[in-house]
Amino acid sequence: MATSEAGTLRLGTAQGRWVLLATVLGSSMAMLDGTVVNVALPRIGTDLGAPLAALQWTLNAYLLTLAGLILLGGALGDRYGRRRVFLIGVLWFAAASAACAAAPTIEVLVAARAVQGVGGALLTPGSLAMLQAVFHPDDRSAAVGLWSGLGGVSAAIGPFLGGWLVDGPGWRWIFLLNVPLAALVVAVASRHVPESRDESATGRFDVLGAALAALALGSVTYALTAAGDGLSAVVWVSGAAGLLLGTAFVVVERRVPEPMLPLGLFSSRLFTAVNLVTLCVYAAFSGVFFLLVVQLQIVSGFSPLVSGLALLPITVLMLTLSARAGRLGKRIGPRLPLTVGPLLCATGVLLMLRIGSDASYWTDVLPAATVMGCGMVLLVAPLTATVLAAVEVRHAGIASGVNNAAARAAGLLAVAALPALAGLSGEAYRVPAAVDSAFRTAMLICAGLLVTGAVTAFTTVRGNVLAPEDHPVAEPDCTYACGTAPPLDPGHAAAGHGEGPATGSAAGPTKA
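Please read these numbers as outputs of a predicted model, since none were measured by experiment.

Parameters at a glance
Residues numbered from 1 in each chain as written. Predicted model: local features only at pLDDT ≥ 70, side-chain atom pairs only at ≥ 80, totals over all residues. Heavy atoms only, no water. Helix = DSSP H or I, 4+ residues; strand = E, 2+ residues; numbered from the N terminus. Buried < 20%, exposed > 50% of the residue type's maximum accessible area, 1.4 Å probe, protein only. Contact = heavy atoms within 4.5 Å. Areas by Shrake-Rupley, 256 points an atom, 1.4 Å probe, with all protein chains shown as cover. 1 Å grid on protein atoms, 1.4 Å probe; cavity = no way out; pocket = protein on both sides within 12 Å on 5 of 7 lines; lining within 4 Å. Points joined across faces, edges and corners; volume = space filled by probe spheres on them. Nonpolar A, V, L, I, M, F, W, Y, C, P; charged D, E, K, R; others polar. Axes fitted to C-alpha atoms, helices over the stretch in contact; angles between N-to-C directions. Parallel < 35°, antiparallel > 145°, perpendicular 65-115°, else oblique. Left-handed = near helix turned anticlockwise from the far one by under 90°. pLDDT = per-residue confidence, 0-100. Patch = residues over 30% accessible without salt bridge, like charges linked within 9 Å, V, L, I, M, F, W, Y side chains within 5 Å. Salt bridge = Lys/Arg side-chain N within 4 Å of Asp/Glu carboxyl O. Core = buried A, V, L, I, M, F, W, Y, C linked by side-chain atoms within 4.5 Å.

Participant: I'd like a description of the overall build of the chain, backed by residues and values.
Facilitator: When its secondary structure is counted, the chain shows 16 helices and zero strands. Counting all 512 residues of the chain, 61% fall into the buried class. In the chain, the share of contacts with a sequence separation of at least 24, taken over all contacts with a separation of at least 6, comes to 85%. A total accessible area of about 17900 Å² is found for the chain, and carbon and sulfur atoms account for 67% of it.

In structure tokens:
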């Protein structure tokens, strides 16, 4: 299909509905994959004889390539066509998913997950970027809202579906599920989605910056993961290499004309502070989501299906109340929600200390998840809006992209470091007593991170930073907050060029 005139498609038309379907199904691949893999980890470890570090890499290999390449993926879509790059990403993701399903060893599975992350980095930016590019301005907010709501449904059914597949035909089917879904996405998008690109996109891609960022994160992640077995020379060398590569990344970003990460954004004290809050709270969220399902299956004896449903209250609360929380944050300012929200989450995490060998879903798991969900509802939407309010409107896309990267990096490092800090390594994740002890230590660390985020917000965020006329509040969905790979907002399509278009919906959701 030829490139269409930008911004002319109406949501109420047949083609508009097809475009929405293609973007929802495409992003749902990443959403479903994130939720179901967490649920399957204990069974994967048993079937493939994998130590804990390998299970950590099953999650982190995907996050690593996704985080390192996602801004570059958005820039490629701008330059060469958003639909084209989106479809390449969908096919890439499906092929890697099939490789994951067929993996004979844990090493092959980890490698396939890393390849899968590359596909995610290509398809994820294109999903909302296509909505931004092809829909009429009057319909963009509605299209993003429908995308968020329908995507939230995918996040909601993910734990149930994952648990059912793991209990039934087996964990390999959580990856095979992506293959027919990808075929449907390709069929719909090829026929019904107009091509769009940024005709003004010029200059070089910051490939060196993306490579250095991925290598730095990978080295630090390896050091933190390996530290669980002791502080060997390899751990120190890997950690030092990560720091050196991170320094080189900063130097490169200062010197290249079109950096992946414009460091000038951090001249805003508010932007820096909100990203520090993001690092704290999303590290805690990732740690909880990673270890809770292990605790429920190994210590409490829950089935994968019931374990997958443990976080369902959070998904439901995010779906039903996030929009109201966004409006509340705009009315009263973000300082109070960004302070009280993490404190409520910390309370929910501390309630999880009651989850043990004789835990009941109704009296132990449900109350803790509900309290944590209430805190996330209060926190996520104002956090999104404050990130956008911290910079000029023309930089909304790249600001949102940086915040997404911060959230992903926080999750990556938390999954790598928490087991070592809690004293869990090797085959110990199969021993109920060892898992129970480590889980309790890890939950205390996560609660501490959330309190740190609350204190940071209270001391650095002003109450009047959200000007309604300049910074409309995004209405996020629950995808990243519920432990999955997050979507990007429409502004991310221009993130590779240093600035993104502002829209009437504040460029949509960032990572929530």
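Participant: A description of the layout of surface pockets should follow, citing residues and the corresponding values.
Facilitator: Taken as a whole, the largest pocket spans an internal volume of roughly 930 Å³. For the largest pocket, the lining is made up of 36 residues, of which L217, L279, A405, A406 and A409 are closest to its centre. Put simply, the parts of the chain that give the lining of the largest pocket at least two residues each are α2 (52–80), α8 (207–226), α9 (233–255), α10 (269–299), α15 (396–422) and α16 (432–460). Looking at which element gives the most residues to the lining of the largest pocket, the answer is α15, with ten residues. Tallied by class, residues from the lining of the largest pocket come to 31 nonpolar, five polar and no charged.

Participant: Can you lay out the packing of α8 against α9 for me, pointing to particular residues and giving the numbers?
Facilitator: Where α8 meets α9, the closest approach of the two axes is 8 Å, and the angle between their N-to-C directions is 155 degrees. Comparing the axis directions of α8 and α9 gives the class roughly antiparallel. Remark: the crossing between α8 and α9 carries left-handed chirality. Of α9, the residues touching α8 (which contributes L208, G209, L212, A213, L215, A216, S219, V220, Y222, A223 and A226) are V234, V235, S238, G239, A241, G242, L245, G246, A248, F249, V252 and E253. A breakdown of the residues in the contact of α8 with α9 according to their chemical character gives 16 nonpolar, six polar and one charged.

Participant: A description of the confidence of the model for the chain should follow, citing residues and the corresponding values.
Facilitator: Per-residue confidence for the chain averages 79 on the pLDDT scale, and 82% of its residues sit at or above 70. Scored below 50 in pLDDT, residues 1–5 makes 13 contacts in the model with residues more than four places away or belonging to other chains.

Participant: An account of a nonpolar patch on the surface is requested, with residue identities and associated values reported.
Facilitator: Judged by side-chain polarity, I88, W92 and V115 come together as a nonpolar surface patch covering roughly 250 Å² of accessible area. For I88, the location among the structural elements is in helix α3 (residues 82–102). Here I88 falls in the partly exposed class, since its relative accessible area comes to 42%.

Participant: Quick rundown of the environment of L351? Include the residues and the values.
Facilitator: Mapping L351 onto the fold places it in helix α13 (residues 335–351). C-alpha of L351 to C-alpha of D364: the two residues are 13 residues apart in sequence and 7.6 Å apart in space. Not counting residues within four places of it along the chain, the set of residues in contact with L351 comprises P367, A368 and V371.

Participant: Please set out the packing of α13 against α16 residue by residue, giving values where relevant.
Facilitator: At a minimum axis distance of 8 Å, the contact between α13 and α16 shows a crossing angle of 170 degrees. Here α13 is positioned roughly antiparallel relative to α16, judged by the angle of their axes. Contacts from R335, L338, T339, P342, L343, C345, A346, V349 and L350 of α13 reach α16 at M443, L444, C446, A447, L450, V451, G453, A454, A457 and F458. Class assignment for the residues of the contact of α13 with α16 results in 16 nonpolar, two polar and one charged.

Participant: An account of the nonpolar core is requested, with residue identities and associated values reported.
Facilitator: If you look at the biggest cluster of nonpolar residues, it comprises 139 residues, and the most contacted ones within it are L109, F285, M352, M372 and M443. With 18 residues, the top contributor of residues to this core is α10. Once residues within four sequence positions are removed from consideration, L109 is found in contact with I44, L48, T58, C100, A103, W171 and F175.

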